[in-house]
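Residues per chain are reported as follows:
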Amino acid sequence: MGFQGVSRAIDARCLLDSAILTPLTQNYPSRGHDVVTYDAEDVSCVLMPWVGFGTYRLGKRQSRTATFEAIKSGYRQIDTAFVYGGQTTELEVGKALQDALKMGVINSRQDVFITTKQWREYHGYDASMNCLELSLERLGLDYVDMWMMHWPGPCFESRDRRQTNSSESAANKEDPWCHAKEGMGINDIAALRADSWRAMEDAYRQGKARSIAVSNFTVKHLETLKETATLWPPAVNQIECHPYYPQNELIEYCHKEGIVVQAYAALGGQDGTKAKWKQIGGKLLESTPVLEASKRLNKNPAQILLRWSIQRNCAIVPKTCDPNRMKENSNIFDFELSEKEMKDIANLSEGVGDEGQLCWRTEKLRMLDKIP
């Protein structure tokens, strides 16, 4: 199948294909065509592997050992964030990168695409710039390949669950902003987000980030950001996306704008409880259409779900500490789901609605449509 904007991998062993990230443009032009595609030979393009290695919720020791093992297994994109691991993961990822260089697993720093994310506590121009400097220091790098705005909404004064209601009830309260940090209220956040993006634009111009991106943004957030952006579009929008929460409208919008969609929680998310899984129909890895495709193609259920994302033109960042699973998660380019299999898996979302959103379940403003 010919995917939009795909070229061969920057990985010499050709384990992972790469997405072509849309070049940033000054005073972005009107786009009347359906999907933006670019030539991989264009020097202004940046290649990002379709399959990256995620580091969310890895322990401190695992952040180093598993990241090194992933690089050794052929992964050439590592996805991390300022806030991961209680702000310890970036440091361990940096150590793993140095380990890979010293042991000759990679030839140079340029062999690995490093993504990190600005945390929402640092919204605003100066704060965002400070956040990036701290990330670069922890990673031991002069630049990152992608710098992402992690969250469109505010930081909270306290994340102590005893000081607030459950996420579901808090999202429905008359004033879900009651715990927002001072200066990040409902009338402030859009302007702060614009200032954060301005910092990201300057980081790109200064060579501290080869590409700039967003995460957890809705169409509304992207449209608002576009009004003030001087460089557009974001290279990537990293979002929760899986058959229970397919985000069809958002993906269509991103593809039209030239924004690569990167799916996290592509296997269904690790924040869902047993009760939640039961409520929405059971774990995706155990669903009938996934198991049927798994049997026909002689691939495991995780590979089927990851391939489903890839065939929707969504990059992925699966996480595992098991070296064999790492290889399996990247070995998804030698088979193809049929049109019927794609549709049957997509149909798992029928009747699920917003209950399919399985991540950020303890978030006070979990429902992104509550964020202006």
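Source: prediction; values computed, not measured. (Residues numbered from 1 in each chain as written. Predicted model: local features only at pLDDT ≥ 70, side-chain atom pairs only at ≥ 80, totals over all residues. Heavy atoms only, no water.)

Asks: Just to check I follow, could you spell out the pairing of strand 12 (residues 260–264) for this structure?
Replies: The two faces of a sheet get side chains in turn, since along a regular strand they alternate between them. The element strand 12 is largely enclosed, with a buried count of five among its five residues. Residue alternation in strand 12 divides its side chains into two sets, Val260, Gln262 and Tyr264 and Val261 and Ala263, and both sets are buried. Of the pairings in the sheet, the one linking strand 11 (residues 236–240) to strand 12 comprises five bridges and is parallel in character. What sits directly across from Val236, in strand 12, is Val260. In this fold, strand 11 hands off to helix 8 (residues 248–257), which returns the chain to strand 12; that crossover is right-handed. Of the strand pairs in this sheet, strand 12 and strand 13 (residues 314–316) are connected by three bridges, and their pairing is parallel. Of the residues in strand 13, the one forming a bridge with Gln262 is Ala315. (Buried < 20%, exposed > 50% of the residue type's maximum accessible area, 1.4 Å probe, protein only. Helix = DSSP H or I, 4+ residues; strand = E, 2+ residues; numbered from the N terminus. Pairing = 2+ DSSP bridges. Right-handed = clockwise from strand over helix to strand, strands pointing away.)

Asks: I tried to follow the layout of surface pockets on my own but got confused; where do I start?
Replies: A probe as big as a water molecule, rolled over the atoms, marks out the empty space that is left. Its volume calculated, the second largest pocket comes out at about 410 Å³. Taken together, 20 residues form the lining of the second largest pocket, with Thr218, Tyr245, Gln247, Leu250 and Leu368 sitting closest to its centre. Taken together, the elements giving at least two residues each to the lining of the second largest pocket come down to helix 7 (219–228), strand 11 and helix 8. Of the residues that constitute the lining of the second largest pocket, the class distribution is 11 nonpolar, four polar and five charged. (1 Å grid on protein atoms, 1.4 Å probe; cavity = no way out; pocket = protein on both sides within 12 Å on 5 of 7 lines; lining within 4 Å. Points joined across faces, edges and corners; volume = space filled by probe spheres on them. Nonpolar A, V, L, I, M, F, W, Y, C, P; charged D, E, K, R; others polar.)

Asks: Is there a simple way to think about the packing of helix 7 against helix 8 in this case?
Replies: Two quantities define a packed helix pair, namely the angle between the axes and the distance from one axis to the other. Where helix 7 contacts helix 8, the two axes come as close as 10 Å, and the packing angle between them is 30 degrees. Accordingly, the angle class assigned to the pair helix 7 and helix 8 is roughly parallel. The segment helix 7 lies against helix 8, with Val219, Leu222, Glu223 and Lys226 engaging Glu249, Leu250, Tyr253, Cys254 and Glu257. Along the lines of polarity and charge, the residues of the contact of helix 7 with helix 8 split into five nonpolar, no polar and four charged. (Axes fitted to C-alpha atoms, helices over the stretch in contact; angles between N-to-C directions. Parallel < 35°, antiparallel > 145°, perpendicular 65-115°, else oblique. Contact = heavy atoms within 4.5 Å.)

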